[in-house]
Each structure stands twice: as structure tokens, then as C-alpha cells.
Amino acid sequence: IIHLPDKKDIIIDSKLSLVSYERFHVSKDPEDREENLLSHLYSINNHIKQLSAKRYQDIPNINTLDFVLMFIPIESAFLLAVEKDRTLYERAYRQNIILVSPSTLLAVLRTIQNSWRYEYQNKNAQMIAKKAGDMHDKFVSFVDEMLLVEKSLSKAQRSYEDAFKKLSTGKGNLLNR
């Protein structure tokens, strides 16, 4: 388990047996090589099935994506397998497993880290948008209240002017009487 910043984790399984690959590599006999190649592919496919059944991504207190990285530590063993079985990578992916090799591991880890960063940025953007929406609603409410105050002040001004006319400036005001 690789612990990343922001309490994120990535599970990498590296327990794949490469015995058949080694036998393939050292064998000189074409039939023996073919048999070991098939055994190598079987070993990888079997490990994918076993790994998928373990559901490592469901371990409590681990904050990981819904997949596990299956590390094949010998680049040529990885390349041979995906070359001979062109559906291998996709089949593993459908079982929530990503096949990685020494040359692809860091790129995959960076991609995962960036996707988490974008997820974090999206959550922040959503929070900012919500807060901005809440502020807008408050401003609209404040403007509505200010318009009511303006109407009330205008009404009070008219009432004042009418009362003042009756008192001193208007026709038939109290002072003149």
C-alpha cells in the first residue's frame, strides 16, 4: 500500500510468479518455449482472477480507487504477455486491475495522483460555487429589503410633507389660521 498525500492510498500487488516466463526465456526447444509461454499467460490470467477475488480495494480504512495495480516486475515478461494476448490488459481492467511494469508504474501513479488532485479541485470549485450562490441570494434579499426601505422612506417623506403643509405651508394651514 502506497500512502499518498491527502490520506489517499494505492494498492500494488507484486506477487506474480514468473517461473514460466523464466523457463520460456532460457529454453531452446520451440515446443518447450510455446508451452512455457502459454503457462506464463495462464499464470498472469490466474493471478488476475485471484487478485480480483481478494477485493483489496475494499479494505477498511484504506482510501483507494476501485482498482488494484498488478505489478509485473520484468518489463519483457509484461511486454511478451500483452503482445501474445492483446485482450489481457482490457480483461484485467474489467476486473478492476491495472497491469503495470517498471516503465509504466510511475506514469500510472502520477495519473492517479493528478486525477485525485482534479477531484479535489472540482470539490473546491463546487464549494466555491455554492458559497457564491448563497452570497448572491443574500445580496438579492438585501436589495429587496433596501427597496422596501426606500418605499417606506418615500411614503414617510410624503406623509411628512403632507403634515408640514397642513401645519405651515399649505393652503389653509394651521399657522395662518
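Look up: the structure comes first, before these words.
Keep in mind that this is a model prediction, so the values were computed, not measured.

Engineer: Can you help me understand the packing of helix H2 (residues 30-54) against helix H3 (residues 75-84) in this one?
Structural biologist: How two helices sit against one another is set out by the angle between their axes and by the gap between those axes. The N-to-C vectors of H2 and H3 enclose an angle of 95°; their axes lie 10 Å apart at closest approach. It follows from the interaxial angle that H2 and H3 lie roughly perpendicular. Each of Leu37, His40, Leu41 and Ile44 in H2 lies in contact with H3, whose residues at this interface are Ala77, Leu80, Ala81 and Lys84. Among the residues making up the contact of H2 with H3, the classes are represented as 6 nonpolar, 1 polar and 1 charged.

Engineer: Any chance you could explain the sheet that holds strand E5 (residues 97-100) here in plain terms?
Structural biologist: Strands in a sheet are paired, the pairing made by backbone hydrogen bonds, and the direction either parallel or antiparallel. Strand order in the open sheet made by the 3 strands is E3-E4-E5, with parallel pairing throughout. Only two strands of the sheet have a single partner each, and these edge strands are strand E3 (12-13) and E5. The sheet contact formed by E3 and strand E4 (residues 68-71) spans 2 bridges and is parallel. Directly across from Asp13, in E4, lies its bridge partner Met70.

Engineer: Would you explain the pairing of E5 in this entry?
Structural biologist: Successive residues of a regular strand alternate their side chains across the two faces of the sheet. Going residue by residue along E5, you find Ile97 and Leu99 tucked away on one face and Ile98 and Val100 tucked away on the opposite face as well. By the bridge criterion, 4 bridges tie E4 to E5 in an arrangement that is parallel. The residue bridging Phe71 from the neighbouring strand is Val100, located in E5.

Engineer: Teacher, can you tell me more about the packing of aromatic side chains here?
Structural biologist: Two descriptors summarise a pair of aromatic rings, namely the distance from one centre to the other and the angle between the planes of the rings. Applying the stated criterion across every chain yields a total of 2 aromatic pairs. Pairing Tyr160 with Phe164 gives two aromatic rings, centres 5.9 Å apart and planes at 20°, and the pair type is stacked. Here the residue Tyr160 and the residue Phe164 both occupy positions in helix H5 (residues 102-169), the gap between them amounting to 4 residues, near one helical turn. Of the residues examined, Phe164 reaches a relative accessible area of 36% and is grouped as partly exposed. The ring of Phe24 has Arg33 sitting right over it, with the charged end atom 4.1 Å from the ring centre.

Engineer: How should I be thinking about the pattern of salt bridges in this particular structure?
Structural biologist: Where side chains of opposite charge bring their charged atoms close, a pairing between them can arise. One pass over the full model with this rule turns up 3 salt bridges. Taking the shortest distance from any N to any O, the salt bridge between Lys15 and Asp13 comes out at 2.8 Å. Note on Lys15: relative accessible area 53%, which makes it exposed. Under the relative-accessibility criterion, Asp13 is labelled buried at 1%. Taking the shortest distance from any N to any O, the salt bridge between Lys130 and Asp134 comes out at 3.1 Å. Taken together, the residues span about one helical turn, with Lys130 and Asp134 both in helix H5 at a distance of 4 residues. For Lys130, a relative accessible area of 52% gives the class exposed. According to the relative accessible area criterion, Asp134 is partly exposed, its value standing at 37%.

Scoring rules and cut-offs
- Residues numbered from 1 in each chain as written.
- Predicted model: local features only at pLDDT ≥ 70, side-chain atom pairs only at ≥ 80, totals over all residues.
- Heavy atoms only, no water.
- Axes fitted to C-alpha atoms, helices over the stretch in contact; angles between N-to-C directions.
- Helix = DSSP H or I, 4+ residues; strand = E, 2+ residues; numbered from the N terminus.
- Parallel < 35°, antiparallel > 145°, perpendicular 65-115°, else oblique.
- Contact = heavy atoms within 4.5 Å.
- Nonpolar A, V, L, I, M, F, W, Y, C, P; charged D, E, K, R; others polar.
- Pairing = 2+ DSSP bridges.
- Buried < 20%, exposed > 50% of the residue type's maximum accessible area, 1.4 Å probe, protein only.
- Phe/Tyr/Trp six-rings, centres within 6.5 Å; stacked < 30°, edge-to-face > 60°.
- Lys NZ or Arg CZ within 6 Å of the ring centre and 35° of its normal.
- Salt bridge = Lys/Arg side-chain N within 4 Å of Asp/Glu carboxyl O.

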